[in-house]
Amino acid sequence: MRRGKGITIYFYLFMLVIFLPLLLLLVFSFNDSFSAGFPWRGFTLRWWETFFADPVALTTVKNSFVVAVTVAVVATLMGLGVAFPLVRRVFRGQNVLLSALLVPIAVPYLLIGISLFSLLRVELGLELSLFTLAIGHILVALPYSSLVLMARLIGFDRSLEEAAQDLGATGFTTFRKITFPLIKPGIYVSMFLTFTVSLEDAVIATFLGGSDQTVPMFVFGRLRRWEGLPMAMALSSFMVLIALVFACLFLIRAVRPRLPAPPPRGRG
Amino acid sequence: MKIDVELKNVTKKFGDVVAVDDVSLWVGKCEFFSLLGPSGCGKTTTLRMISGFEKPTEGEVYIGGELMTDVPPFKRPTNLIFQNLALFPHLNVYDNISFGLKIKKLPKDEIQRKVKEMLNLVRLSGYEKRKIKQLSGGEQQRIAIVRALVNEPTVLLLDEPLGPLDLKLREEMVVELKRIQREVGTTFIYVTHDQGEALTMSDRIAVMKDGRVLQIGTPMKIYEQPKSRFIADFIGRSNLFEGSCADGVVEVDGLGRIIAEPGPQTSDKHSVLICAKPEKISIGRKLKGLDNIFDGEVKETYYQGRVTTYRVLLENGSLITVVVLSSGAKDIFKPGAKVKVGWNKRDVNMMM
């Protein structure tokens, strides 16, 4: 099949815009220099060594992942709880709930951070920790998980569930054997998106993390001093690599079932 | 005859809409029973009440002699073949067919044997590992049928499963379905709006309209002796004449007398409806020996291969349809031709 040249050029430009900055980040984390850029002053593992030798840096990585995984699981479960009734039932206030879901996307993270800080810390008197941070991240991640799962459920053929029941499956068996496998791609996408929302946030983390730092806060801190930059780049590169691995794991599994099937054999 | 399914005064309302209105019927063991009617007549809702997906607002559903009105679908001895088939897209052919058996926790070798038997029944042996998307429309159809049949239901329910197929495939599947039903000897309840399918396969047909059952009978009875104008027109089209009847003679305005056999319902002097099927009417330049003969003029001629259809204008201004077997170019009447049309009294049906 012949494609236009334009689309090929567009494809490569697209890939370049996405991957070039990340690639440069990775490359300069091996540059024997304190500046984040050319000239190239020789290959070094120094910055990666300082990163892996720094217990504080490693703790922030651990913190980031603990929070991000919690957020991915909880926000996706809550998203399921919201998406099912929104798609499958008709009830009063449905549209209000749907609009309310979008609010966390529309409101700047700064405001969400401040308002959650005053609610959780000032009003409820909670100690700031990874726990309060996870609450904040779940709030901003919920719209993403809900919308992704709703999209999956809207395209879901209910007669498949009826067919399972007709063949003797109870409600729970039907969910386990039919509904869940079929919405699994949506669950993968939802977990990936919410995981990322949490992993990349520095703003809400500043308000709600307390003394428990995550990677973005730590990197921000390091950037105040010029000699902190290279190690931050090694740390960031590490996070990017991890994110890419997650993206591959989640998204490839999510997309594969929807790739075009082999053409059907002749009719009859 | 042993009765497998019985509906007693079943009514289903959705809000203010009455979908099924006081339906009573029974289906005998091993019978091929069809619910036939135009879309929106309540036939699918009736089927869904038998399968348990809808609960009747009033009335009772019995299956195999047991009251089933409040029994959920997964506990009923019925299996339904859905309009869109509803094959599980993430499972292969084997896992689709064995779905019900695995839930019943049958031993694995028995499941394998039964699936194999079923694939043999529909001539798809060796298809176990195929993905649903790799099957053609007709193959999917057959898999959906055996996925239900393998559970050995008391009653198999079919909700217009041949709808999406093209005409030729449908005709093949009609023959195939009837063969399967004969071989397994299960009671079939078949929902369709296609009178051809219903007439071909059914032992008995219930004709439905606006949520009510209008007539139940064998295909021949329904076709030859429709009980109402709607059925006469819905099944195989009919030429209808209104008139007033006395002593087996019907006066039709502008046309004269029609000699008819008084049906069992007729007594003296009242208005009746005469129904003459298009293929029961003869057409020719001269006609002899028929009880009723009228003059007419051919208005339209449709040569359709096996048959030729004429639209003939009678003296009273009514257009009737006549269908005859095609018999070559010499004998075809062109539009404008003066002809005679006629029929014997026993070939038409009279209604109140």
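Colleague: Looking at this structure, how should I read the overall build of chain A?
Modeller: When its secondary structure is counted, chain A shows eleven helices and zero strands. When the helices and strands of chain A are listed from N to C terminus, the series reads α-α-α-α-α-α-α-α-α-α-α. Seen along its three principal axes, the alpha-carbon backbone of chain A occupies a region of about 70 × 60 × 30 Å. Out of the 268 residues in chain A, the part that is buried amounts to 40%. In chain A, the share of contacts with a sequence separation of at least 24, taken over all contacts with a separation of at least 6, comes to 70%. For chain A, the computed accessible surface area is about 15,100 Å², with 71% contributed by carbon and sulfur atoms. Charged side chains in chain A number 23 positive and 13 negative. The centres of these two groups are separated by 12 Å.

Colleague: Mind showing me how you'd approach the overall build of chain B here?
Modeller: Within chain B one finds nine helices and 20 strands. In terms of overall dimensions, chain B has a C-alpha envelope of 75 × 50 × 35 Å along the principal axes. For chain B, the residues scored as buried account for 51% of the 352 residues in total. A total of about 16,500 Å² of accessible surface is found on chain B, and carbon and sulfur atoms cover 50% of it.

Colleague: How should I be thinking about the nonpolar core in this particular structure?
Modeller: If you look at soluble globular proteins, the nonpolar side chains tend to sit buried side by side. Counting residues in hydrophobic clusters, the biggest one holds 49 residues, and the most contacted among them are Ile178 of chain A together with Leu35, Phe88, Phe99 and Ile189 of chain B. If you tally residues by element for this core, the top one is helix H3 (residues 55–88) of chain A, at five residues. Contacts of Phe88 of chain B, omitting those with residues within four sequence positions, involve Leu160, Ala163, Ala164, Leu167 and Ile178 of chain A together with Asn96, Phe99, Ile132 and Arg147 of chain B. In this structure, Tyr94, Ile143, Leu165 and Leu177 of chain B belong to the second largest nonpolar core, which totals 37 residues.

Colleague: Please clarify how the sheet that holds strand E16 (residues 292–303) of chain B should be interpreted in this entry.
Modeller: Two strands in a sheet stick together by hydrogen bonds in their backbones, pointing the same way (parallel) or opposite ways (antiparallel). Residues and elements named next belong to chain B. In spatial order, the strands read E15-E19-E16-E17-E18; together these five strands make up an open sheet with antiparallel pairing. Of all the strands in the sheet, the pair left with one neighbour each is strand E15 (282–284) and strand E18 (319–325). With direction set aside, neighbouring strand axes in the sheet form an average angle of 40°. Pairing analysis gives six bridges linking E16 to strand E19 (residues 338–343), with the strands arranged antiparallel.

Colleague: Help me understand the domain arrangement of chain B in this model?
Modeller: Note: interface size is frequently given as the accessible area lost on complex formation between the parts. When cut into domains, chain B gives domain 1 (3–224) and domain 2 (237–351). Computed from C-alpha atoms alone, the centre-to-centre distance between domain 1 of chain B and domain 2 of chain B is 39 Å.

Colleague: Whenever I open this one, the interface of chain A and chain B confuses me. Can you help?
Modeller: With 25 residues of chain A at the contact, the number on the chain B side is 34 residues. Interface area for chain A against chain B, summed over the two sides, is near 2,500 Å², with a carbon-plus-sulfur share of 59%. In this assembly, chain A and chain B are joined by one salt bridge. Run the count over chain A and chain B and you get seven residue pairs in polar contact (both at pLDDT 80 or more). Elements represented by at least two residues in the side of chain A that touches chain B include exactly helix H7 (158–166) and helix H8 (171–200) of chain A. With seven residues, H7 of chain A is the largest single contributor of residues to the side of chain A that touches chain B.

Colleague: Explanation requested: the packing of aromatic side chains in the structure shown.
Modeller: Geometrically, a pair of aromatic rings is defined through the distance of the ring centres and the angle of the planes. Residue and element names in this part refer to chain A. In this structure the tally under the stated criterion is 20 aromatic pairs over all chains. Ring geometry for Phe51 against Phe238: centres 5.5 Å apart, planes inclined by 55°, an arrangement best described as tilted. Here Phe51 is found in helix H2 (residues 46–53), whereas its partner Phe238 is found in helix H11 (residues 229–255), with 187 residues between them in sequence. Taking the centre distance of 6.0 Å and the plane angle of 45° together, the rings of Phe65 and Phe195 count as tilted. Here Phe65, found in helix H3, pairs with Phe195, found in helix H8; they are 130 residues apart in sequence, far enough to count as distant. Under the relative-accessibility criterion, Phe195 is labelled buried at 3%.

Colleague: I would appreciate a short explanation of the pattern of salt bridges in the present structure.
Modeller: Pairing is possible between side chains of opposite charge, provided their charged atoms come close. Residues and elements named next belong to chain B. Under the definition given, this model contains 28 salt bridges over all chains. Close ionic contact of Asp21 with Arg212 constitutes a salt bridge, the shortest N to O distance being 3.2 Å. Residue Asp21 is found in strand E2 (residues 17–28), and its partner Arg212 is found in strand E10 (residues 212–217); the two are separated by 191 residues along the sequence. The partner of Asp95 in a salt bridge is Lys102, with the nearest N and O atoms 2.9 Å apart. For Asp95, a relative accessible area of 24% puts it in the partly exposed group. For Lys102, a relative accessible area of 33% gives the class partly exposed.

Colleague: Teacher, can you tell me more about the environment of Phe14 of chain A here?
Modeller: All names here are of chain A. One can find Phe14 in helix H1 (residues 5–28). On the basis of relative accessible area, Phe14 is assigned to the partly exposed category, the value being 42%. In the structure, Phe14 is positioned 16 residues away from Phe30 in sequence and 26 Å away in space, judged by C-alpha atoms.

Colleague: Would you take a moment to explain the packing of helix H5 (residues 137–149) of chain B against helix H6 (residues 167–184) of chain B for this structure?
Modeller: Geometrically, a packed helix pair is captured by the angle between its two axes and the distance between the axes. All names here are of chain B. Taken N-terminus to C-terminus, the directions of H5 and H6 make an angle of 20°; their axes are 11 Å apart at the nearest point. Here H5 is positioned roughly parallel relative to H6, judged by the angle of their axes. Taken as a pair, H5 and H6 cross one another with a handedness that is right-handed. Residues Gly138, Gln141, Arg142, Ile145 and Leu149 of H5 touch H6, and the partners they reach there are Leu169, Met173, Glu176, Leu177, Ile180 and Val184. Looking at the contact of H5 with H6 residue by residue, the classes come out as seven nonpolar, two polar and two charged.

Colleague: Sorry, what's going on with the confidence of the model for chain B here?
Modeller: One rule of thumb: low pLDDT means the predicted coordinates there are not for detailed reading. Averaged over every residue, the pLDDT of chain B is 88; residues scoring 70 or more account for 97%. Among the scores for the predicted complex, ipTM is 0.79 and pTM is 0.78.

Thresholds applied
Residues numbered from 1 in each chain as written. Chains lettered and ligands numbered in written order. Predicted model: local features only at pLDDT ≥ 70, side-chain atom pairs only at ≥ 80, totals over all residues. Heavy atoms only, no water. Helix = DSSP H or I, 4+ residues; strand = E, 2+ residues; numbered from the N terminus. Buried < 20%, exposed > 50% of the residue type's maximum accessible area, 1.4 Å probe, protein only. Contact = heavy atoms within 4.5 Å. Areas by Shrake-Rupley, 256 points an atom, 1.4 Å probe, with all protein chains shown as cover. Lys, Arg positive; Asp, Glu negative; His and termini not counted. Charge placed at Lys NZ, Arg CZ, Asp CG, Glu CD. Core = buried A, V, L, I, M, F, W, Y, C linked by side-chain atoms within 4.5 Å. Pairing = 2+ DSSP bridges. Axes fitted to C-alpha atoms, helices over the stretch in contact; angles between N-to-C directions. Domains from an automatic or database assignment. Buried area = accessible area lost by both parts, 1.4 Å probe. Salt bridge = Lys/Arg side-chain N within 4 Å of Asp/Glu carboxyl O. Polar contact = N/O pair within 3.5 Å; in protein donor to acceptor, adjacent residues only side chain to side chain. Phe/Tyr/Trp six-rings, centres within 6.5 Å; stacked < 30°, edge-to-face > 60°. Parallel < 35°, antiparallel > 145°, perpendicular 65-115°, else oblique. Left-handed = near helix turned anticlockwise from the far one by under 90°. Nonpolar A, V, L, I, M, F, W, Y, C, P; charged D, E, K, R; others polar. pLDDT = per-residue confidence, 0-100.

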